[in-house]
Every structure is written in C-alpha cells, then in structure tokens.
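Here's the letter readout for the chains.
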Amino acid sequence: MKSGTWLLRLALLLLFLGLFFGFLASFAYRLTDAKSGMLGFLTLRPLHVSSAYFGVVLGGLACVTLAIQKETVKRISFNLLKIHLFLWLITLVGIFYSYFTGDFGGREYWEFKPIWALPILISYFVFLLFYLKNAGSYKNWPVYKWMWFTGIVFFSFIFMENYLWIFPYFKEHLMADMTIQWKVNGSIVGAVNQMIYGLAFYLMTKISGDEKMGQSKLAFAMYFLGLFNLMFNWGHHIYILPTDRYIHHISYIVSMTEWIILIRIFYNWNQQLKENRTHYYFFPYRFLMAADYWVIINLTIALFMSIPAFNLYTHGTQITVVHAMGTTIGINTMMVLAGAFYFIKPAFESLKALKRMSMVFWISQITLFLFLATLTGMGIQRALWQAGITEGVFGQMMQNSRPWMIGFIITGTLLFASLGSVVLYLLFYSFKEKVSFRLHKKD
Amino acid sequence: MPLIKVSPLKIFITLSVLFLIYSFTIYLKPLREKDHQKIAYQKQSASGKDVWQKHNCHTCHQLYGLGGYLGPDLTNVTAKPGYSDVFLKAIISNGISQMPAFDLTNREMEDLLVFLKAMNETGTANPRHYSTQINGTFTLDNLE
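Residues numbered from 1 in each chain as written. Chains lettered and ligands numbered in written order. Predicted model: local features only at pLDDT ≥ 70, side-chain atom pairs only at ≥ 80, totals over all residues.

Engineer: Whenever I open this one, the overall build of chain A confuses me. Can you help?
Structural biologist: The helix and strand tally for chain A stands at 17 helices and 2 strands. For chain A, whose C-alpha radius of gyration is 22 Å, the value lies close to the compact-globule estimate of 22 Å for 443 residues. Contacts in chain A between residues far apart in sequence, at least 24 positions, make up 81% of those at least 6 positions apart. (Helix = DSSP H or I, 4+ residues; strand = E, 2+ residues; numbered from the N terminus. Rg over C-alpha atoms; globule rule 2.2 N^0.38 Å. Contact = placed C-beta atoms within 7 Å.)

Engineer: Could you clarify how one ought to interpret the overall build of chain B in this entry?
Structural biologist: When you go through chain B residue by residue, the secondary structure sums to 5 helices and 4 strands. Tracing chain B from N to C terminus, the helices and strands come up as α-α-α-β-β-α-α-β-β. Radius of gyration (C-alpha) of chain B: 21 Å, far over the 15 Å computed for a compact globule of 144 residues. When the backbone C-alpha atoms are referred to their principal axes, chain B occupies close to 75 × 35 × 35 Å. The long-range share in chain B, meaning contacts at least 24 apart out of those at least 6 apart in sequence, stands at 49%.

Engineer: I keep staring at the interface of chain A and chain B and nothing clicks. Help me out?
Structural biologist: How big an interface is tends to be stated in terms of accessible area lost as the parts join. Residue-level contacts link 51 residues of chain A with 49 residues of chain B. Mapped by element, the contributors of at least two residues to the side of chain A that touches chain B are helix 2 (41-70), helix 6 (168-171), helix 7 (174-208), helix 8 (217-232), helix 13 (308-314) and helix 16 (394-400) of chain A. For the side of chain A that touches chain B, the leading source of residues is helix 7 of chain A, giving 7 residues. Class assignment for the residues of the side of chain A that touches chain B results in 32 nonpolar, 10 polar and 9 charged. (Nonpolar A, V, L, I, M, F, W, Y, C, P; charged D, E, K, R; others polar.)

Engineer: Any chance you could explain helix 4 (residues 117-134) of chain A here in plain terms?
Structural biologist: Turn by turn, an α-helix covers 3.6 residues, leaving residues three or four places apart pointing in a common direction. Residues and elements named next belong to chain A. The end-to-end C-alpha distance of helix 4, which contains 18 residues, comes to 26 Å, matching closely the 26 Å that a straight helix rising 1.5 Å per residue would cover. All of the buried residues in helix 4 are Ala-117, Ile-120, Ser-123, Tyr-124, Phe-127, Phe-130 and Tyr-131. Around the axis of helix 4, the buried residues are gathered within 130° of arc, so they sit on the same side. Positive phi shows up at Gly-136, right after helix 4, with a value of about 80°. (Expected span 1.5 Å × (residues − 1). Buried ≥ 20, exposed ≤ 12 C-beta atoms within 10 Å, placed from the backbone. Arc of directions from axis to C-beta.)

Engineer: Just checking my understanding: could you explain the nonpolar core for this structure?
Structural biologist: Inside soluble globular proteins, nonpolar side chains tend to come together where they are buried. Residues and elements named next belong to chain A. Judged by nonpolar contacts, the single largest core of 148 residues is most densely connected at Ala-11, Leu-58, Ala-200, Ala-291, Met-335 and Ala-338. It is helix 7 that provides the largest number of residues to this core, a total of 20 residues. The contacts of Ala-338, once residues within four sequence positions are left out, are Ala-200, Leu-203, Pro-284, Phe-287, Leu-288 and Ala-291. (Core = buried A, V, L, I, M, F, W, Y, C linked by C-beta atoms within 7 Å.)

Engineer: Even after reading the chapter, I still don't get the confidence of the model for chain B, so can you show me in this structure?
Structural biologist: Caution is warranted with low-pLDDT regions, since their predicted coordinates should not be read in detail. All names here are of chain B. Within chain B, residue pLDDT values average 91, and 94% of them lie at 70 or more. Helix 2 (residues 29-32) is the least confidently modelled element of chain B, averaging 90 in pLDDT, while strand 1 (residues 62-63) averages 97, the highest of any element. This complex was scored by the predictor with a pTM of 0.93 and an ipTM of 0.94. (pLDDT = per-residue confidence, 0-100.)

Engineer: Before we go on, may I ask you to explain unusual backbone geometry in this structure?
Structural biologist: For residues besides glycine, phi is generally negative; the peptide bonds are generally trans as well. All names here are of chain B. Residues other than glycine seldom take positive phi values, yet Tyr-64 does so here, at roughly 50°. As for its position among the elements, Tyr-64 is in the loop between strand 1 and strand 2 (66-67). A tally of 26 C-beta atoms within 10 Å means that Tyr-64 is categorised as buried. One non-glycine residue, Ser-97, lies in the positive phi region at around 50°. Structurally, the position occupied by Ser-97 is in the loop between helix 4 (85-94) and helix 5 (106-122). Assessed through the 13 C-beta atoms surrounding it within 10 Å, Ser-97 is described here as partly exposed.

Engineer: Is there a simple way to think about the packing of helix 3 (residues 39-54) of chain B against helix 5 of chain B in this case?
Structural biologist: A pair of packed helices is captured by two measures, namely the crossing angle of their axes and the spacing between those axes. All names here are of chain B. Contact pair helix 3 / helix 5: the axes reach a minimum separation of 7 Å and the direction vectors enclose 110°. The orientation of helix 3 relative to helix 5 falls into the category roughly perpendicular. The segment helix 3 lies against helix 5, with Tyr-41, Gln-44, Ser-45, Ser-47, Gly-48, Lys-49, Val-51 and Trp-52 engaging Glu-108, Asp-111, Leu-112, Val-114, Phe-115 and Ala-118. Broken down by class, the residue content of the contact of helix 3 with helix 5 amounts to 7 nonpolar, 4 polar and 3 charged. (Axes fitted to C-alpha atoms, helices over the stretch in contact; angles between N-to-C directions. Parallel < 35°, antiparallel > 145°, perpendicular 65-115°, else oblique.)

Engineer: What is the right way to read the packing of helix 14 (residues 318-344) of chain A against helix 15 (residues 351-386) of chain A from this model?
Structural biologist: Residue and element names in this part refer to chain A. It is the contact of helix 14 with helix 15, at a shortest axis distance of 7 Å, that shows an interaxial angle of 160°. When the axis of helix 14 is compared with that of helix 15, the two are roughly antiparallel. The two elements helix 14 and helix 15 cross, and the hand of that crossing is right-handed. From helix 14, Gln-318, Ile-319, Val-321, Val-322, Met-325, Gly-326, Ile-329 and Gly-330 reach across to helix 15, where they touch Leu-368, Leu-372, Leu-375, Thr-376, Met-378, Gly-379, Arg-382 and Ala-383. (Left-handed = near helix turned anticlockwise from the far one by under 90°.)

This is the structure in structure tokens:
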C-alpha cells in the first residue's frame, strides 16, 4: 500500500509544481527575455510541461496501483512497486537537474537528455509485470482493466518510438523525423488517456455500485473506439506538414468517428443530470462530473480542429493550447483529483470546511473557463494574422494581444491559487490520515 | 439472428497488428525517399536540428506550426526577403526583443542555418498558400 500512496503523493506534488511553474512561466512570457536568470521562459516551460504531464501520468499509475491493491496483491509484487517508485524518483531527479542546469537536448514535451528516459521505460516494464501478476485473468477483466492494460502497453511502445530520432536513419530525414515525432506526441496522449479514463470508469463503477457497468457491450465499444483513435488519429497534428497524404486522410476519417462519443454524451444527457444531483456532495464524483463537462467542450474543439480546412487556420495558434490545456487540466487533472479524493478519503471536519472546499472547486472551474477564454482570444488574434486578415509584422500582432495576455496572467494566477490549494490539501491530508485499506495477500 | 461474439483480446490483437503495420510503413519512409537530398547535406541539417534541440528553440519558435508561441514560425525564415545568413547570424548572436543572445560556435551556427534552409526546402507553412476544399480538406496552391 505504501508504494501506491507514495506514488500518489509524488503525482500530487508534480501537479502542484506544474501549476506553480506555469504561474511563473506566464509572467516570464510577458515580462522578461526567454533566458533571463536561472528561471527564464526557456527553463520554465519545460519545467511546467514535464511536471504537469508526469503528474497526470503518475496520478494514473498511482490510482491503478491503489485500485489493484484494494483487491489482491501477491507479496512479491510489493518489491516490484518499490522498484517502480525508485525508478521514477531517479528519473525525476535527473530531469529536474537537467532543466535547472540548462542541459537540454530533447524535444518538445521531453526536453531532458534522452538518458533520463531510460528509467521511465524500465519502470513501465516493471509496472506491466506488476499489473499482469495482480490484475487477475484477462478473461474476466472489466473494461477499465483493459483500458489500464492498453495504457501501460501502448505508453511503453510509443515511448520507445519517441527516441527513434537518436538513430541517424530517422534523424537525417526531416519529414519522416517530424512525422514520427508528432505520431508519438499524438498517440502517447491517447495511451495516457486510456489509464485516466479507465480510472474514471473504475470510480464510476465503485460509486454507483453497479459492477455490471464495466462488462457492458457499449462500454467495450467505446473503449475500442478510443483505442482506434489512439492508433490512427494523431495525423491531425500535422495536416500542414508535407508528409504522405494518406496519413492526413486516415487521420481525418478516423477523427470523425469521435462524433459518436459526443452524440452519445448528449443522448445520455438526462441520465447525466440525474447522476449529478444524486452524487453531488461526494467529492470524487464532483471532480468526475467536472471532467465530464470539460470532455464536452474539449471534444467539440478537437472535432473541429480535426477538420483539415478548419485546422489550417487554428494550427500554430493558441487555440491548439486551449485544447491541450483544456484536456490536461479540465479532464486529466480533474480525473486524477477524483481518484486522489477517492483513495485518500479526506474527512471534512465541519460543514464550513466542506463549503469552503466546494467554493474552491467552483472558483477553479470558473477560472479555468476564463483562462481558456483568454487563450482563445490570443489564438483568434494570431489566426487572423496568419490568414492575412489583419496586417502588420509578428511583433505588432503580439502587441495587439496584450489585453488577452494580461487576462491570461490574472486567470492563470487564480487557477494556480484555487486548483493548487485543492492539490496541497490532498497532499497534506495524505500524511495526516493513514489510508485504511485491507490487503489480502495470496502468498 | 445471434450476434457473433468476439473476445476483447482478439479485437485488441487485430487492432494492434494494424497499428504496427501502419507504424512500420511510416518507419520505412526514409528508405522510400532515400535520394531526396545529398547525404552530406542531410547529415549537416541533422546536426543543425541537434543545435535547435540543445538550445530549446522550439520553446519559443515553431516549425510547421509546431512549437512555442513567443516567437514567429521559422519554417520558411531563410526564404524571407532580407533574411540573409549574415542577418540571421546577427539576430542569433545578439538577440532581438524578448529573444536572448545565443553563444553558438561557428560550426553550430552553420549547422543551424543549414537545418533552417533544409526545412524551407520541404514546403511552406504559410496558411495563405493553401486553399480549402468543399470536403473539408485543403490543397497547396500553385506558387509559381
């Protein structure tokens, strides 16, 4: 149990750091040059992105560990979990050292030296071993166990693919190299989503008490649709890249299958509202509910951005960031927080404390919405300039975005304060109360 | 009529095999387009990409719209009127606006410029050079 809890604490710490570095980066973006001091924008952006990304990844792994540990765990597997945690600690120390000393050499989202990727890859193999030993027979797996398995296997494969560029065969062909780079960045998000959405499905099953939910044909159909998109829809990141046309066409067609998910959400709308009313005061559910609504917003944006003619004008603008941040904060972080509330089980000492947390929850949701709105404003400004609708050089366009930028900094600060306080509350509470799970050791 | 029941494992394996075939088709791209550039030029532009990565240029700049937002897209920067090697070297060495000065060796500077020139030769990242189609796609205009 300890390894799972420590993994969750590490995830919460990283999420907090992700928010903190993001808060600093927003000021650096506006006020200083990119290299000023030790923490210029060149350092802060990788620190922000890696902390937030690994916070989500580790949050997913931690909750899967805790969920598996709630069932049965073989004694030998505790050592696997310790090795897994140790490997993550090594890699995080290496990555942060690499960033703070300005020792870059990696690529966007993975700016650290490739050597620090090795412990992550090994940790995934170790975790796969742990999972296969303890998740029971695959024949009886509910859909969320399939999703977790998919997340682990595909993250491992795609993460290896992420480093093909170190071989001259790939690196010396610019277009093949960029195609693979964005194949990785697109599909690895899908692999992480499998872990996180699997967690959401697990939590819903436990909250509703309806175990059959995880075996339904519809749930499996949605899982395979997600897997299909993970594999083949990443090409919408590179519609403008002069690579093979078939990649663009496959991506366009596959991406459009996600309308099915959006239609299903609206089909179940009344059921959704009923559930919201029933479980509203249970905090794990509250964060799942928030994630559900962010899914609608982000999926709608993603669907439009997957249409090449639309993508032509939004690509390379902050509208892409709206989608990326909306997904990372609105969906993934909310689901990890739901998992953290479920497993840490913080008890609110009074009605006042409950109301305070409720208020912080709503402030974080509203500020996130406003934060994304300011980014959209910046994105539209840039899109109009790129399309030649507004005139001027790049610097003028940036200057015209100033009001949006100030709004972005203000809402970003509020988001850091509100969401950061939820993360810190959970982190401190995880030390205050012993997590009370009973373990059933097989041997 | 009863539905055919297929186990999740079979669907998972089928999709995974298709994904692997798709992935390897992409991995073979350099082999299919082996002679697209001179070998020496390819090696030098790859070294230039290392310089790009080492100095974290993508944090602020984009290539084909992929990267940061603080600076402009540099896909076709070497083709812009007035953006000669001397001018670009001066900007990189001295900085401009929020862009800091970078202390590159002569070799690094040459490699980086070759990389940017090679990138320019691959195509255009300017949305104004494309036309949208009724089926939701877009095509490159004839720029001649």
